[in-house]
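Residue strings, one per chain:
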Amino acid sequence: ALIASYRETAEFAGPKGVPALLRAADLLKGLGNVDEARATVEQAARNAPLDDAAYRALAALSEGEAGAQKLDALLSDLIDDALDANVAGALYRRRGELLVTRGMHSEAADVYQQLLTLDSHNQHARESLLVSLQAAERYQDLTMAIEGDLRRNTDATHKLALRKRLAVLGVPVATAWPNTRM
């Protein structure tokens, strides 16, 4: 009865009902019904996609590869349903981070690229894209991304770091250091 009361309260409260759903999920988990607890927390995440407590609870209930796949699918659905660019951006970031923790660097790179399409000035996403491309051994894409950053960036220190990164990748000196004579 208490769980039903929490759910009913949350249903009418929308995003403000997340704490009630999280309490219901805790009770369900305590009773050994982990699947129902996860479904309840998922409802909380759908009601308030950016609620950190709901996301942490959902991540904690998403153990193993199957749980991570469910969490990834939920994040993908929430991105598709997002009506606000800020919400979508935060969800792309969470999804990219989840994919990185799962070792799915190529997929994470694609997610970070989508985030950059949404917010081209997001430095965290830009750096995460480069790291994911390198971890995925997508060197041609990495080289193109760095060269694009070189064209867009005006900061001399940052450009130097990008050129060093290209040099480490084995890009010819004339490309990485266009003003250098050999």
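My aim in this report is to walk through the structure given alongside it, one point at a time. Predicted, not measured: the structure shown is a model, and the values here were computed from it. (Residues numbered from 1 in each chain as written. Predicted model: local features only at pLDDT ≥ 70, side-chain atom pairs only at ≥ 80, totals over all residues. Heavy atoms only, no water.)

1. Observations regarding the overall build of the protein
At step 1: Along its length, the protein carries 11 helices and zero strands.
At step 2: Along the protein, helices (α) and strands (β) appear in the sequence α-α-α-α-α-α-α-α-α-α-α when read from the amino end.
At step 3: Out of the 182 residues belonging to the protein, those deemed buried represent 38%.
At step 4: Across the protein, contacts joining residues at least 24 apart in sequence account for 42% of those joining residues at least 6 apart.
At step 5: Carbon together with sulfur atoms contributes 52% to the accessible area of the protein, which is approximately 10400 Å² in total. (Helix = DSSP H or I, 4+ residues; strand = E, 2+ residues; numbered from the N terminus. Buried < 20%, exposed > 50% of the residue type's maximum accessible area, 1.4 Å probe, protein only. Contact = heavy atoms within 4.5 Å. Areas by Shrake-Rupley, 256 points an atom, 1.4 Å probe, with all protein chains shown as cover.)

2. Some details on helix α2 (residues 18-30)
At step 1: For α2, with 13 residues, the first-to-last C-alpha span of 18 Å sits near the 18 Å given by 1.5 Å per residue.
At step 2: Those residues of α2 lying buried are V18, A20, L21, L22, A24, A25 and L28.
At step 3: Looking one or two places after α2, you find G32, whose phi comes out positive at around 90°. (Expected span 1.5 Å × (residues − 1).)

3. Concerning the packing of aromatic side chains
At step 1: Scanning the model with the defined rule gives zero aromatic pairs in all.
At step 2: The residue whose ring lies beneath R94 is Y55, and the NZ or CZ to ring-centre distance is 4.4 Å. (Phe/Tyr/Trp six-rings, centres within 6.5 Å; stacked < 30°, edge-to-face > 60°. Lys NZ or Arg CZ within 6 Å of the ring centre and 35° of its normal.)

4. Points about the pattern of salt bridges
At step 1: All told, the structure shown has 13 salt bridges when counted by the stated rule.
At step 2: Linking D141 and R138 is a salt bridge whose minimum nitrogen-to-oxygen distance equals 2.9 Å.
At step 3: Residue classification places D141 among the partly exposed positions, given a relative accessible area of 31%. (Salt bridge = Lys/Arg side-chain N within 4 Å of Asp/Glu carboxyl O.)

5. Some thoughts on the side chain of S62
At step 1: In this fold, S62 is placed in the loop between α4 (52-60) and α5 (64-81).
At step 2: You can call S62 buried: its relative accessible area is 8%.
At step 3: Side-chain polar atoms of S62 contact the side chain of R38, separated by 3.2 Å.
At step 4: In this view, S62 contacts R38, G67, A68 and L71; residues no more than four positions away in its chain are not counted. (Polar contact = N/O pair within 3.5 Å; in protein donor to acceptor, adjacent residues only side chain to side chain.)

6. Description of the packing of helix α3 (residues 34-47) against α5
At step 1: One way to put it is that α3 packs onto α5 with a least axis distance of 11 Å and a crossing angle of 25°. On the basis of their axis angle, the class for α3 and α5 is roughly parallel. Handedness of the α3/α5 crossing: right-handed. Contact residues: R38, E42, A45 and R46 in α3; G67, K70, L71, L74, D77, L78 and D81 in α5. (Axes fitted to C-alpha atoms, helices over the stretch in contact; angles between N-to-C directions. Parallel < 35°, antiparallel > 145°, perpendicular 65-115°, else oblique. Left-handed = near helix turned anticlockwise from the far one by under 90°.)

Function cannot be read off these values alone, since they describe shape.
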